[in-house]
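As a plain string of letters, each chain reads:
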Amino acid sequence: MNRGFLIYNREDYCKNNWFAQSFISNAPLYNMNIELLLTDEITIGIKENKLFVNRGEKELEVPDFVINRSRESIIGSHFELMGCKVFNSSYVTEICNNKAKTHQIVNSKGINSVKTLLCDRRYFSVNNINLNFPIILKSLGGHGGNGVYKINNSDELNKQISALNNDGFILQEMCSNPGIDIRVFVIGKEIVAAVKRYSSKSFKANFSLGGESEAYSLNPNELCIVKKIINLFNFDFAGIDFILDKNGDFLFNEIEDVVGCRTLYKNYNIDVVKKYLEHIKNQL
């Protein structure tokens, strides 16, 4: 039986307990045993030239695999260096939790997005942005709609930049259809399903922030764009988000490494946990 760890930070686990426990309860169906680890319970480090993972005072044996839902690439790479298979890989976690790096890779392959500036407040000047207000400011590691701000003028921009927790951020044009996006769920190279998320009250369409959702069928051109992005990464389980231009065509927005699945369960009769566990089994 393959032994694995499911890693969450405590806040996310509390919000998604039902989802996490589904991994644990379904694991035996795939000849797996999965143990939950919370990031505030473990210590990773180096001792006597060897990498280790402790839970309290106890050193843990390296499992066969890790499902990393923590968004922490350093945790993923630590287990990888100890010889463990990690889902998603530390590379996917590192890139897809940094919006600037994600845009660099995706847009460099000719995939459209709104105009995006990669910024650092240590050398930022509002005189250099060349964008028309209102604009969107995003912290590099935000998720679930957090760390995303609509900015109406240069005073608001400077104030919000000063309040950021980190130096890096991106600035973007406001899209033509704010409050609408399309999320595509991907396991490995398979497109599992897509949902349309929308809000009449906010420029953010996130379901967790009160938005609505419905099933969405990708047209051939949209499928082509999604497949191009899939081929840029070795995803295990991720969500690819798009906003829409004035013609309703896809503009790449971001990739969710730890993708939320409430809209998937709401609109489809798909057991995504079982599909993911099947994928993991096939990769071991």
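Residues numbered from 1 in each chain as written. Predicted model: local features only at pLDDT ≥ 70, side-chain atom pairs only at ≥ 80, totals over all residues. Heavy atoms only, no water.

## Some remarks on the nonpolar core
Phe23 and Phe237 are the most contacted members of the largest nonpolar core, which totals 29 residues. At the level of secondary structure, the elements contributing two or more residues to this core comprise strand S1 (2–8), helix H2 (17–26), strand S2 (32–38), strand S6 (65–68), strand S12 (180–187), strand S13 (190–198) and helix H9 (272–283). Ranked by residue count, the leading element in this core is H9, at 5 residues. When sequence neighbours within four positions are dropped, the list of residues in contact with Phe237 reads Phe19, Arg69, Asn88, Phe185, Val186, Ile187, Asp257, Val259, Cys261, Val272 and Tyr276. Val106, Val186, Ile240 and Ile255 belong to the second largest nonpolar core, which has 23 residues in total. (Core = buried A, V, L, I, M, F, W, Y, C linked by side-chain atoms within 4.5 Å. Buried < 20%, exposed > 50% of the residue type's maximum accessible area, 1.4 Å probe, protein only. Helix = DSSP H or I, 4+ residues; strand = E, 2+ residues; numbered from the N terminus. Contact = heavy atoms within 4.5 Å.)

## Topic: helix H7 (residues 220–230)
Residues of H7 that are buried: Glu222, Ile225, Val226, Ile229 and Ile230. Looking straight down H7, one finds its buried side chains confined to an arc of 140 degrees; they lie on one side. The inward-facing, buried residues of H7 abut helix H5 (99–107), S12, S13, strand S14 (212–216), strand S15 (237–244) and strand S16 (250–256). Where H7 begins, the side chain of Asn219 points an oxygen toward the backbone nitrogen of Asn221, at a separation of 3.1 Å. (Arc of directions from axis to C-beta. Polar contact = N/O pair within 3.5 Å; in protein donor to acceptor, adjacent residues only side chain to side chain.)

## Quick look at the environment of Glu72
With respect to the element layout, Glu72 can be found in the loop between S6 and helix H3 (73–81). The exposure class of Glu72 is partly exposed, given its relative accessible area of 41%. As for Glu72 and Lys150, which are separated by 78 residues in sequence, their C-alpha atoms are 27 Å apart.

## What about unusual backbone geometry?
Note on backbone geometry: most residues besides glycine have negative phi, and most peptide bonds are trans. In this chain, Phe87 is followed by Asn88 through a cis amide linkage whose omega measures -15 degrees. Inspection of the secondary structure puts Asn88 in the loop between strand S7 (85–87) and helix H4 (90–96). Residue Pro134 is reached from Phe133 by a cis peptide bond, and omega for that bond is 0 degrees. With respect to the element layout, Pro134 can be found in the loop between strand S8 (116–120) and strand S9 (135–139). Here the phi dihedral of Asn49 falls at roughly 65 degrees; this positive angle occurs in a residue that is not glycine. Its place among the elements puts Asn49 in the loop between strand S3 (42–47) and strand S4 (50–55). The backbone phi angle of Arg71 is positive, close to 70 degrees, even though this residue is not glycine. Looking at where Arg71 falls in the secondary structure, it is placed in the loop between S6 and H3.

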